[in-house]
Structure formats: C-alpha cells, structure tokens
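Residues per chain are reported as follows:
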Amino acid sequence: MSDGLEQLWAGWRHRYVIDATDAEREKPGGVADGCVFCRLAASGPPSAENGVLWRGETCFCVLNAYPYANGHLLVLPLRHLEQLDELTATESADLWSLTQDAVAAISAAYRPDGLNVGANLGRAAGAGIPQHLHLHVLPRWSGDTNFMTTVAGVRVMPQTLEDSWAQLHDAWPRPEAPG
C-alpha cells in the first residue's frame, strides 16, 4: 500500500548533511574544525580543486558544491561569524563588493535572464550552514525548470563544478588579490 510519497535517493547529499550537522555541534564562541567554510578559507589559493574563485583580505568567493544552477556562487567573510551585524565595516564593504564581482562574472560567463542574490540567516530561514555567514549568487533563466524538477523534484546539472569554475574564473572582473 502506497502513501503517495515517492522516494528519490540522493546519496551524494549525505556528506553535506553530515558537515552541516557537525557544524551545528560547534562549541559556542569557537571556530569549529568542522566548518566547511572555514576549511575552504584555509585551503590555499583559488583553484578548481578547492572551488575558490577569488580570495581577498577579508572575504572570498567559492562555488556552491550543491548548486541550484550551474554557476551558483557563495560569497563569505574569511572570519567565522554568523550574523550580518558581526561584520566589521571593512568586511561589510568587501562582502558587497565581492558580491558585485560575482554578479558580473556570472552575467559574463552564463548570460542569464536574471540572478538571485541573497542570504538565508539561520536554520529556520533555510541556511544549510547557519554558523558561517554567506551570500548566494546564482543565475536564473526564464523557464529554467525542466521535467526532472517538475516531476521528480531534481535538478539536472549539465556542467561539472570544475568546468563551472573555469568558466567563471575566466570571466572574473578583477585579478586575484595579492598573497
């Protein structure tokens, strides 16, 4: 007897769920070794291997490993913090400037019909990793749903993360920051 609920197995999401759960268990006031964003911030210079597109003195931009669309970027402060009001004035200005660069790179690389730019502040607002502030920047196209999204609730990504990184890296509007 069926209850009308169909299952779609997405085993690749298991690592994300584990990382997000570990981040939830972080000790208050300390930077969790389990924070995937802190690990990315410390992973070295921008490369296709770490997904980091640009790194500055206070903020960085990385590909979303679980994108809603090809070219989905995350813009984050290097410092581990949770709330917008915890940003210094410099971090805030750099975060917005880097978001503008992400918009420019996506626009040049993908020529979307529109973009979503925003933040999910807190788990209840939809943040998968609420302990490290991050902004989403992603391309959108008119009619960008297909039968898989409509029927199965699944997005089909036609481009690898490595290819997305290369395309966005080539379109990035300014040179890499020194150091």
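Structure shown above.
Residues numbered from 1 in each chain as written. Predicted model: local features only at pLDDT ≥ 70, side-chain atom pairs only at ≥ 80, totals over all residues. Heavy atoms only, no water.

Section: the pairing of strand β3 (residues 73-77)
Across a regular strand the side chains alternate sides, sitting on one face of the sheet and then on the other. Summarising burial for β3: five of the five residues are buried, a large majority. The alternating pattern of β3 places Leu73, Val75 and Pro77 on one face and Leu74 and Leu76 on the opposite face, and all of these are buried. Looking at chain direction, strand β2 (residues 59-63) and β3 are connected through five bridges and run antiparallel. By the bridge assignment for β3, Phe60 is matched with Leu76. (Buried < 20%, exposed > 50% of the residue type's maximum accessible area, 1.4 Å probe, protein only. Helix = DSSP H or I, 4+ residues; strand = E, 2+ residues; numbered from the N terminus. Pairing = 2+ DSSP bridges.)

Comments concerning unusual backbone geometry
One non-glycine residue, Arg111, lies in the positive phi region at around 50°. A relative accessible area of 71% means that Arg111 is categorised as exposed.

A short note on a nonpolar patch on the surface
The grouping of Trp96, Leu115 and Val117 at the surface amounts to a nonpolar patch, some 280 Å² of accessible area in total. The class of Leu115 is partly exposed, set by a relative accessible area of 31%. (Patch = residues over 30% accessible without salt bridge, like charges linked within 9 Å, V, L, I, M, F, W, Y side chains within 5 Å. Areas by Shrake-Rupley, 256 points an atom, 1.4 Å probe, with all protein chains shown as cover. Salt bridge = Lys/Arg side-chain N within 4 Å of Asp/Glu carboxyl O.)

Here we look at the side chain of Thr58
Assignment of secondary structure puts Thr58 in the loop between β1 (52-55) and β2. A distance of 2.5 Å separates the side chain of Thr58 from the side chain of Asp94, its partner in a polar contact. Each residue touching Thr58, except ones within four places of it in the same chain, is listed here: Leu76, Pro77, Leu78, Arg79, Thr90, Glu91 and Asp94. (Polar contact = N/O pair within 3.5 Å; in protein donor to acceptor, adjacent residues only side chain to side chain. Contact = heavy atoms within 4.5 Å.)

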